[in-house]
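Each chain, written out:
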Amino acid sequence: MGKIIAVVNQKGGVGKTTTAVNLTACLHDLGLKVLLCDFDPQANATSGLGLEKRKLKQTVYDVIINDTPAREAIKSTKYGDVLPSSADLAGAGVELLSVENPNFRLRNALNEVRDDYDLIFIDCPPSLEMLTLNALAAADGIFVPVQCEYFALEGLSDLMTTMRMVKKKINPELEIFGVALTMFDGRTNFSTQVAQEVRRHFPGKVFATVIPRNVRLAEAPSHGVPVAAYDKNSRGSQAYKAMAEELKRKL
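Residues numbered from 1 in each chain as written. Predicted model: local features only at pLDDT ≥ 70, side-chain atom pairs only at ≥ 80, totals over all residues. Heavy atoms only, no water.

A. Structural view of the packing of helix 1 (residues 16–29) against helix 12 (residues 235–250). Where helix 1 contacts helix 12, the two axes come as close as 9 Å, and the packing angle between them is 70°. Taken together, the axes of helix 1 and helix 12 lie roughly perpendicular to each other. Residues Thr-18, Thr-19, Asn-22, Leu-23, Cys-26 and Leu-27 of helix 1 touch helix 12, and the partners they reach there are Tyr-240, Lys-241, Met-243, Ala-244, Leu-247 and Lys-248. (Axes fitted to C-alpha atoms, helices over the stretch in contact; angles between N-to-C directions. Helix = DSSP H or I, 4+ residues; strand = E, 2+ residues; numbered from the N terminus. Parallel < 35°, antiparallel > 145°, perpendicular 65-115°, else oblique. Contact = heavy atoms within 4.5 Å.)

B. Inspection of the pairing of strand 6 (residues 141–147) at higher detail. Along strand 6, seven of the seven residues are buried, which leaves the element largely enclosed by surrounding structure. Side chains Gly-141, Phe-143, Pro-145 and Gln-147 project from strand 6 onto one buried face, and the interleaved Ile-142, Val-144 and Val-146 project onto a second face that is buried too. Examined bridge by bridge, strand 1 (residues 3–7) and strand 6 share three bridges and lie parallel to one another. Pairing of Ala-6 across the sheet is with Ile-142, part of strand 6. Sheet topology places strand 6 next to strand 7 (residues 175–184); seven bridges connect them, and they run parallel. Residue pairing for strand 7: Gly-141 is matched across the bridge by Glu-175. Crossover handedness for the path strand 6 to helix 8 (residues 156–169) to strand 7: right-handed. (Buried < 20%, exposed > 50% of the residue type's maximum accessible area, 1.4 Å probe, protein only. Pairing = 2+ DSSP bridges. Right-handed = clockwise from strand over helix to strand, strands pointing away.)

C. View of the layout of surface pockets. In this structure, the largest pocket spans a volume of roughly 530 Å³. Residue lining of the largest pocket: 29 residues in total, with Gly-15, Lys-16, Thr-17, Thr-18 and Met-183 positioned closest to the centre. Going through the elements one at a time, helix 1, helix 2 (44–48), strand 7, strand 8 (206–212) and helix 10 (215–219) are the ones with two or more residues in the lining of the largest pocket. In the lining of the largest pocket, the residues fall into 15 nonpolar, eleven polar and three charged. (1 Å grid on protein atoms, 1.4 Å probe; cavity = no way out; pocket = protein on both sides within 12 Å on 5 of 7 lines; lining within 4 Å. Points joined across faces, edges and corners; volume = space filled by probe spheres on them. Nonpolar A, V, L, I, M, F, W, Y, C, P; charged D, E, K, R; others polar.)

Right, dumping it as structure tokens:
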């Protein structure tokens, strides 16, 4: 049975989708069967793995709102499988309020396919609302990217509060799977200080591999490919490869 990990941080611009896309691709290269569920209405993870989101006939929206079986919506790519998203998902939070068991729609859908995979990532929207609650209800653990910049820890207390609430009322098995330090700039003392602070707040949970600030990571999505396919020798590519190997050992 595959492990389900929600990649979540309510703060935008922390490298959440970049982390989900590149770990999916790297773990696929390492021989794991991986599914990336794009649960963000912006659908950046969908396009980041090479899918044309405007041409998709079925997406995760159809799965959670129209009861489309997940297998019918999943698309295979050479970087791993994707349960794609679309702009339709933006209104799903309101629509879910009128369905039965609204918090468990994604969990029920992913449970149908989790035996097909070693690992399922859920790329969450940058907010704590109905879609994110669905993701946390479905997940075994959360993976939190934290950028090594000012205000890095801002909002994490809200995320931890939400996680405790979900653990108490919806998903008692939910745990912190890991924390990833992103956008690290080794030229500044500040990045090092932030990294130390994050490790102090999450003892034993922070991955040893640190993702550097790297222009190739920013450029790869515009080409619809993970960074390893765009520039496999870049610092960003090598870092995500190392993080994937660390994650595989942790599994």
